[in-house]
Amino acid sequence: MPELFIGLMSGTSLDGVDGVIAEISDTQLDVLAHCNAPLSLALTDELLALNSPGPNELHRAALAANALVRVYAHVVNQLLEKTGIAREQISAIGAHGQTVRHQPQAFDGTGYTLQLNNPALLTELTGIDVVADFRSRDVAAGGQGAPLVPAFHQSVFGQRGETVATLNIGGISNLTVIGPLLTYDVLGFDCGPGNALMDAWCKQHTGQPFDADGAWAAAGRVHDDLLTALLDEPYFILPAPKSTGRDLFNPVWLARKLVRFNFVAPVDVQATLTELTASACATCLLRYGFESKTLIVCGGGAFNGHLMRRLQALLPGVCVCASQEHGMPPLQVEAAAFAWLARKTTLRQTSSLETVTGARGARILGSVTPA
């Protein structure tokens, strides 16, 4: 029988919290409502700062987690008010938390992944079971712990007899390649930067949090030598499975790359950063999903018209389209995925894919804090 779950997502773009209420059964998922709440500038700055080593990190991280969870609880209350659904009807909340460090397999062979969250506080504020900490079990099993959503992409966007690719462009971009159902496994991995570098550069030089519709980038020109320097990063040529984050692709990384290019106009840097994201994503599809004739784009990047046009130009013969053309608006996809993942956890069903993360096998993901 269908059950109601809430999914919450605050991604690496740090552009706010998206939440959905979804009615889910074994064969269907219907989003009943979607809400979004922004993060305060102070919280956004703190979450960005916590991606790098700094003073008093444990104290600051704990308080940032509490502040983030209060936004989560606000979104949950908005969803319940919007739909008139009683909180007792919700089976569980899937809350991913905010990734601030992601180092799978590093240092000691296992590594770690860290999402700021406080599921106990979220349970106290909402009175609903909370499923969180989705990545750690996969990392413990030798996997990358990311991306988590390919199994969900398969359930929502897979098409019998056709290879389909799904590209999520948040702060980091990740690609899912879904083979013709029942013929071969799903592949998925992080391509590299999504909006993270573009947003940071745009804010630094225009004061705006992002480049609306890619208009600023479209006014500039790609600097070929700079693009070559940006692509000269070992991560891009690593084979899948692989994952990355702001640990690597951050303003410090960009500043190092720009040392020899301080003569390039800021608008042209923005154009080149947009081309970097488009090129990295297109290259991954051509390498791993060359059979796909459809690329379904979700996340905030789907609203960047210039980026979407560059993807289409780099992928002739592929239909590049936003996910709403396939039944789910771009800002709902990841939140719905964590509602779906929460249901898998409560049913004690596996939801990771070893073909995606490289783990020793599929695992039940997430830890439950009961109300």
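Refer to the structure presented above.
Quantities reported herein were computed from a predicted structural model and do not represent experimental measurements. (Residues numbered from 1 in each chain as written. Predicted model: local features only at pLDDT ≥ 70, side-chain atom pairs only at ≥ 80, totals over all residues. Heavy atoms only, no water.)

Draft legend 1. Geometry of the environment of Phe236. Along the chain, Phe236 turns up in the loop between helix H8 (224-231) and helix H9 (251-258). Relative accessible area serves as the criterion here: at 15%, Phe236 is assigned to the buried category. Sequence spacing of Phe236 and Gly192 is 44 residues, and the spatial spacing of their C-alpha atoms is 7.1 Å. Sequence-distant contacts of Phe236, defined by excluding residues within four places in its chain, comprise Cys191, Gly192, Pro193, Leu230, Leu231, Lys242, Phe249, Leu276 and Ala280. (Helix = DSSP H or I, 4+ residues; strand = E, 2+ residues; numbered from the N terminus. Buried < 20%, exposed > 50% of the residue type's maximum accessible area, 1.4 Å probe, protein only. Contact = heavy atoms within 4.5 Å.)

Draft legend 2. Representation of empty space enclosed by the protein. The full count for this structure, using the stated rule, is 2 cavities of 30 Å³ or more. The volume enclosed by the largest cavity comes to roughly 480 Å³. Around the largest cavity sit 34 residues that line it, and Met9, Gly11, Thr12, Asn168 and Glu334 are the ones nearest its centre. Mapped onto the lining of the largest cavity, the elements with two or more residues apiece are strand S5 (98-104), strand S8 (164-169), strand S9 (172-178) and helix H12 (333-346). Broken down by element, the residue count for the lining of the largest cavity peaks at 3 residues, all from H12. Of the residues that constitute the lining of the largest cavity, the class distribution is 11 nonpolar, 17 polar and 6 charged. Counted as a void, the second largest cavity has a volume near 40 Å³. In this structure, the second largest cavity is lined by Pro147, Leu148, Pro150, Ala151, Ser351, Ser352, Leu353, Val356 and Thr357. (1 Å grid on protein atoms, 1.4 Å probe; cavity = no way out; pocket = protein on both sides within 12 Å on 5 of 7 lines; lining within 4 Å. Points joined across faces, edges and corners; volume = space filled by probe spheres on them. Nonpolar A, V, L, I, M, F, W, Y, C, P; charged D, E, K, R; others polar.)

Draft legend 3. Looking closely at the sheet that holds strand S12 (residues 319-322). Here 5 strands make up an open sheet; going across it, the order is S10-S9-S8-S11-S12 and the pairing mixed. One side of each edge strand has no neighbouring strand; the edge strands of this open sheet are strand S10 (187-193) and S12. Geometrically, the sheet is characterised by an average inter-axis angle of 20° between neighbouring strands, direction not taken into account. Alignment of strand S11 (residues 294-298) against S12, held across 4 bridges, turns out to be parallel. Residue pairing across strands places Leu295 opposite Val320, the latter belonging to S12. (Pairing = 2+ DSSP bridges. Axes fitted to C-alpha atoms, helices over the stretch in contact; angles between N-to-C directions.)

Draft legend 4. Summary view of the pattern of salt bridges. The tally for this structure, following the rule as stated, stands at 5 salt bridges. Residue Glu46 pairs with Arg60 through a salt bridge whose shortest N-O separation is 3.0 Å. A residue pair is termed long-range when its members are at least 10 positions apart, and Glu46 in helix H1 (residues 41-49) and Arg60 in helix H2 (residues 57-83) qualify at 14 residues. In this structure Glu46 comes out as partly exposed when scored by relative accessible area, which is 22%. (Salt bridge = Lys/Arg side-chain N within 4 Å of Asp/Glu carboxyl O.)

Draft legend 5. Region of the structure containing the layout of surface pockets. Here the largest pocket defines a volume of roughly 970 Å³. Looking at the largest pocket, it is lined by 39 residues, and the ones nearest its centre are Ser13, Asp199, Ala200, Pro209 and Arg246. When contributions to the lining of the largest pocket are tallied by element, the ones reaching two or more residues are H1, helix H6 (196-206) and H9. Of all the elements, H6 adds the most residues to the lining of the largest pocket, at 7 residues. Within the lining of the largest pocket, the residues separate by chemical class into 19 nonpolar, 12 polar and 8 charged.

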